[in-house]
Amino acid sequence: MSKPRYRDIARQAGVGTATVERVLNGRGGVRPELVEKVVAAARNLNYPRTLPDAHRGLLRIDVLMVRPETSFYRRLSKAFERIAATLDPVVVVHRRFAEEMNPQEIARHILSTDVPRAGLILAVPNSPLIRAAVETVVRQGVPVVHVVTRASEDKVDFVGIDNYAAGRTAAHFICRMARAEGPVVALCHPIYQVHHDRIRGFSDYFRDHPGAISFDWLGFTRDEEHFSAETLSLALGMFPNLVGLYNAGGANAALIDVLRRHGRGRDILFVGHELTDYTRSALRDGIMDVVLDQAPEAQAQRALDLILRRIGLTEVEPDRNPIRFITITAESL
């Protein structure tokens, strides 16, 4: 292949050839974000020149998440770490956790200008304050990708499963596999849009398939262990003939413990999300029946692919379809 020319680098970086010349010859006077784009494009095109060490590591992608104590977000964080280790050294993936119930802190991290960033990946809840912060950085031209859940609808890519379909799938399993006829309850965290989508799918399935197994009650758990255990205990008291349980959120360990201690725990068809040590054990023991896993590793890869495409480090267009969730039972462990 012929040596790439300034105009090739300029085309990929989205700048003029004069900017490319100034950057590659160290003449200065170019904004840092444009320097980053030119250097990244030159490296991507294998421009035959040793670039100064000062240019390496200039493309910083920030990943902001919540709940580091949960198995799911630990898996997601480790996935970003592993994938980052395979990228060109010009790309730095910086992971940070924020307090889930502190929208001010999350918004502050989103709006931070302490270090220039080439892209931003968010796995945070939705709120007016967070949404406004996202819209601000989008207007500033920073590529933003939501992963797992949406914090804004404004011109932002979303990587995640089809949560409406996941909710319908949970309802389908309960209706087809429940060991008796009777009431069903669902639990969720009210601050996540994706949980709303799952519950909407769950409810719609029962509306579309009326029968002796019915969705009778929705409880809000905050995905917190103690609160989740209390909420499920309340439901078991309200519905002594409960036949099905769907947990659209987290804190499965607390729910599993309640069901283990309850006399009818193994009679209730239990569908939840995410394969963890707790849910794996519960599947083997017959406390859980179906786990719908979101495949956080695939979500991390897709999110980084979208950012790299947006900043010109790859010309491959990532798949835009929802990530496929994985259905796991005791027989498929």
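The structure this text deals with has already been given above.
Conventions we followed
Residues numbered from 1 in each chain as written. Predicted model: local features only at pLDDT ≥ 70, side-chain atom pairs only at ≥ 80, totals over all residues. Heavy atoms only, no water. Helix = DSSP H or I, 4+ residues; strand = E, 2+ residues; numbered from the N terminus. Buried < 20%, exposed > 50% of the residue type's maximum accessible area, 1.4 Å probe, protein only. Contact = heavy atoms within 4.5 Å. Pairing = 2+ DSSP bridges. Axes fitted to C-alpha atoms, helices over the stretch in contact; angles between N-to-C directions. Parallel < 35°, antiparallel > 145°, perpendicular 65-115°, else oblique. Left-handed = near helix turned anticlockwise from the far one by under 90°. Nonpolar A, V, L, I, M, F, W, Y, C, P; charged D, E, K, R; others polar. Salt bridge = Lys/Arg side-chain N within 4 Å of Asp/Glu carboxyl O. Arc of directions from axis to C-beta. Polar contact = N/O pair within 3.5 Å; in protein donor to acceptor, adjacent residues only side chain to side chain.

1. Some remarks on the environment of S228
At step 1: With respect to the element layout, S228 can be found in helix α9 (residues 225-238).
At step 2: The class of S228 is buried, set by a relative accessible area of 1%.
At step 3: Each C-alpha atom, one on S228 and one on N252, is 8.4 Å from the other, the two residues being 24 residues apart in sequence.
At step 4: With residues near it in sequence (within four places) discarded, S228 still touches T221, D223, A251, A254 and L255.

2. A closer look at the sheet that holds strand β8 (residues 244-247)
At step 1: As summarised here, the arrangement of the six strands in space is β7-β6-β8-β9-β10-β11, forming an open sheet in which the pairing is mixed. This sheet does not close on itself; its edge strands, each paired only once, are β7 (213-220) and β11 (326-328). Recorded for the sheet is a direction-independent mean angle of 15° between the axes of neighbouring strands.
At step 2: In this sheet, β7 lies alongside strand β6 (residues 182-188) in parallel orientation, the contact comprising seven bridges.

3. Concerning the packing of helix α7 (residues 163-177) against helix α8 (residues 193-208)
Between two packed helices, both the angle of their axes relative to each other and the distance between the axes serve to describe the pair.
At step 1: Where α7 meets α8, the axes come as close as 6 Å, and the angle between the chain directions of the two elements is 45°. The angle between α7 and α8 places the two elements in the oblique class. Judged by the sense of rotation from one axis to the other, the crossing of α7 with α8 is right-handed. Counting all contacts with α7, which are made through N163, Y164, G167, R168, A170, A171, H172, I174 and C175, the residues of α8 involved are V194, D197, R198, R200, G201, F202, D204, Y205, F206 and D208.
At step 2: For the contact of α7 with α8, the class distribution of residues is nine nonpolar, four polar and six charged.

4. A closer look at the pairing of β8
At step 1: In β8, alternate side chains face the same way, and those of G244 and Y246 on one face and L245 and N247 on the other are all buried.
At step 2: As judged from the four bridges shared by β6 and β8, these two strands associate in the parallel manner. Bridging from a neighbouring strand, A186 pairs with Y246 of β8.
At step 3: Strand direction decides the pairing type here: β8 and strand β9 (residues 269-273), joined by three bridges, are parallel.

5. Looking at the pattern of salt bridges
At step 1: Under the criterion given, the structure shown has 20 salt bridges.
At step 2: K78 is the salt-bridge partner of E81, the closest N and O atoms lying 2.9 Å from each other. Pair noted here: E81 and K78 are both in helix α4 (residues 71-84), with a separation of three residues, about one helical turn.
At step 3: Judged by its relative accessible area of 34%, E81 is partly exposed.
At step 4: For D157, the salt bridge is made with R310, and the minimal N-O distance between the two is 3.7 Å. Highlighted residues: D157 in strand β5 (residues 157-159) and R310 in helix α12 (residues 296-310), separated in sequence by 153 residues.
At step 5: A relative accessible area of 18% means that D157 is categorised as buried.
At step 6: Taking the relative accessible area as the measure of exposure, R310 reaches 44% and is therefore partly exposed.
At step 7: Several salt bridges converge on common partners, so that one network encompasses D157, R309, R310, E317 and R320.

6. Notes on the packing of α9 against helix α10 (residues 252-261)
At step 1: Where α9 contacts α10, the two axes come as close as 8 Å, and the packing angle between them is 40°. Between α9 and α10, the crossing angle belongs to the class labelled oblique. The hand of the α9/α10 crossing is right-handed. Of the residues in α10, those in contact with E225, S228, A229, L232, S233 and L236 of α9 are A253, A254, L255, V258 and L259.
At step 2: When grouped by side-chain class, the residues that make up the contact of α9 with α10 number eight nonpolar, two polar and one charged.

7. Here's the deal with helix α11 (residues 277-285)
Each full turn of the α-helix corresponds to 3.6 residues, which orients residues three or four apart in the same direction.
At step 1: When we look at burial in α11, the residues that qualify are T279, A282 and L283. Down the axis, α11 shows its buried residues gathered within 105° of arc, on one side only. Turned more than 90 degrees away from the buried face of α11 sit D277 and R284, all of them exposed.
At step 2: If you follow the buried residues of α11, they end up packed against α10, β10 (290-293) and β11.
At step 3: With a side-chain oxygen positioned 3.3 Å from the backbone nitrogen of Y278, the residue opening α11 is T276.
At step 4: Positive backbone phi, approximately 85°, marks G286, located one or two places after α11.

8. Considerations on the side chain of N247
At step 1: Mapped onto the fold, N247 is located in strand β8.
At step 2: Polar contacts involving the side chain of N247 include one to the main-chain carbonyl oxygen of G250, which spans 2.9 Å.
At step 3: Dropping the residues within four chain positions of it, N247 is found in contact with L187, N252, L255, F270, V271, G272 and H273.

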